[in-house]
Amino acid sequence: MIKSKIEINIEDFPEKLHELLLSGNLYDSSCSSNAMTLYCDSGYYIKIDEKGELALEAELCNRFFHMGLGVKVIQYISTDKDYLVTQSAIGEDLTHYLDNPTALCDLLASSLRKLHSQPLADAPVSSRLQRYLDSASGDYSGGYYDESVLMDDFRVYGKQEAWDIMQTNKDKLRTDTLIHGDACLPNVICHNGRFDSFIDLGMAGAGDKHIDLYWVLWSLQYNLKTNAYTDYFLDQYGRENFDPDMLKVVAAFELFG
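Residues numbered from 1 in each chain as written. Predicted model: local features only at pLDDT ≥ 70, side-chain atom pairs only at ≥ 80, totals over all residues. Heavy atoms only, no water.

A. Looking closely at the environment of Ala204. Along the chain, Ala204 turns up in the loop between β10 (194-198) and β11 (205-207). Here Ala204 falls in the buried class, since its relative accessible area comes to 0%. Separated by 45 residues in the primary sequence, Ala204 and Val249 have C-alpha atoms spaced 19 Å apart. Those residues in contact with Ala204 that sit more than four places away from it in its chain are Leu60, Phe64, Ser126, Ser127, Ile179 and His180. (Helix = DSSP H or I, 4+ residues; strand = E, 2+ residues; numbered from the N terminus. Buried < 20%, exposed > 50% of the residue type's maximum accessible area, 1.4 Å probe, protein only. Contact = heavy atoms within 4.5 Å.)

And the structure:
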């Protein structure tokens, strides 16, 4: 994760955050066009977004922390904007493990199996899954469409085929699993070769496990510059635990965002 040192005007932030903001050097580590993320080298991240946008993520962060799958929430403040403060995770994200792809796949598979085996309780529906359902009931002819999310292993040939797949399979999407929703390598933290935590939980919640599997495979291919480890990862996750046909369904939904 890229971090750029910055200076701030402390008065632009809620008074409750002043002591923390003055406790160390600050860096911009934003990776979203919508939210700003600051890193304080005293051991904290501060995510900033529009008012009300981080309430659900704060709830999900607490849920993951108490399951032993995430970092501790220090504060959630909602004033003119939302401010979510979490402890910094211990370790490094999985983009630091690219020199050993099989070990990387092993870590990813075991991390996802652990997540997907957690009880749902009253988890909210994943915002990514909800976005799928909304797009399937929208307008085929216009709106968002992005082929950069495609992989050769789950190729969809054009907008019409993607739309047909969505309409045929939208009732097959499940909310029976606790998912991350954006299970890419930078969002999985390991320490000394062992899983430590998931971060960036804004799309987590009750959803379909195939969403996580698709994004792990996309992230592996993007970072390793090859799809040679697709089968190995799926073997390690356990082929008895998923429906391979649903990965192409997820690809179709992702095309429409």
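B. Structural detail: the sheet that holds strand β7 (residues 92-93). Strand order in this open sheet of 3 strands is β7-β9-β10, and the pairing throughout is antiparallel. The open sheet has two edge strands with one neighbour each: β7 and β10. Relative to β10, strand β9 (residues 188-191) is paired through 4 bridges, and the arrangement is antiparallel. Note that in β10 the partner of Ile189 across the bridge is Ser197. On top of the sheet, helix α3 (residues 101-116) reaches β9 and β10; it is set at about 50° to β10, its chief contact. (Pairing = 2+ DSSP bridges. Axes fitted to C-alpha atoms, helices over the stretch in contact; angles between N-to-C directions.)

C. Expanded view of the packing of aromatic side chains. Enumeration over the complete set of coordinates arrives at 14 aromatic pairs. The interplanar angle of 20° and the centroid separation of 5.2 Å between the aromatic rings of Tyr132 and Phe253 together place this pair among those described as stacked. Linking Tyr132 in helix α4 (residues 127-136) with Phe253 in helix α8 (residues 245-255), this pair joins segments that are 121 residues apart in sequence. Neither Tyr132 nor Phe253 differs from the other in exposure class; each is buried. For the pair Trp218 and Tyr222, a centre-to-centre distance of 5.1 Å together with 10° between the ring planes defines the contact as stacked. Here Trp218 pairs with Tyr222, and both are found in helix α6 (residues 209-224), just 4 residues apart, close to one helical turn. Ring-pair connections join several aromatic residues into one group, and the members of that group are Phe154, Tyr214, Trp215, Trp218 and Tyr222. (Phe/Tyr/Trp six-rings, centres within 6.5 Å; stacked < 30°, edge-to-face > 60°.)

D. Summary view of the packing of α3 against α6. It is at 11 Å that the axes of α3 and α6 come closest, and there the two elements cross at 165°. Judged by the inter-axis angle, α3 sits roughly antiparallel to α6. When you trace α3 past α6, the crossing you get is right-handed. Here Pro101, Leu104, Cys105, Leu108, Leu112, Leu115 and His116 of α3 lie close against α6, whose contacting residues are Lys209, Asp212, Leu213, Val216, Leu220 and Leu224. (Parallel < 35°, antiparallel > 145°, perpendicular 65-115°, else oblique. Left-handed = near helix turned anticlockwise from the far one by under 90°.)

E. Expanded view of the sheet that holds strand β1 (residues 4-6). Across the sheet, which stays open at both edges, the 6 strands sit in the order β1-β2-β3-β4-β6-β5 with antiparallel pairing between neighbours. Looking along the sheet, the strands with just one partner apiece sit at the ends: β1 and β5 (73-78). Direction aside, the axes of adjacent strands within the sheet are offset by 25° on average. Inspection of the sheet shows strand β3 (residues 36-40) paired to strand β4 (residues 44-50) by 5 bridges, in the antiparallel sense. Residue pairing for β4: Cys40 is matched across the bridge by Tyr44.

F. Just helix α7 (residues 230-237), in detail. The set of residues buried in α7 consists of Thr230, Phe233, Leu234 and Tyr237. End-on, the buried residues of α7 take up no more than an arc of 95°, which puts them together on one face. Those residues of α7 that are buried are in contact with α3, α6 and α8. Once α7 finishes, Gly238 follows within two positions and takes phi at roughly 110°, a positive value. (Arc of directions from axis to C-beta.)

G. Just the pattern of salt bridges, in detail. Here the structure, examined in full by the defined rule, presents 9 salt bridges. Among the ionic pairs, Glu161 bridges to Lys248, the shortest N-O distance being 3.5 Å. You can see Glu161 sitting in helix α5 (residues 159-169) and its partner Lys248 sitting in helix α8, a full 87 residues away along the chain. Overall, Glu161 belongs to the partly exposed group, its relative accessible area being 24%. Residue classification places Lys248 among the partly exposed residues on the basis of a relative accessible area of 30%. (Salt bridge = Lys/Arg side-chain N within 4 Å of Asp/Glu carboxyl O.)

H. Expanded view of the side chain of Thr177. With respect to the secondary-structure elements, Thr177 resides in strand β8 (residues 177-179). With a relative accessible area of 5%, Thr177 lands in the buried category. If we skip the residues at most four places from it in the chain, Thr177 touches His116, Leu120, Gly205, Ala206, Gly207 and Lys209.

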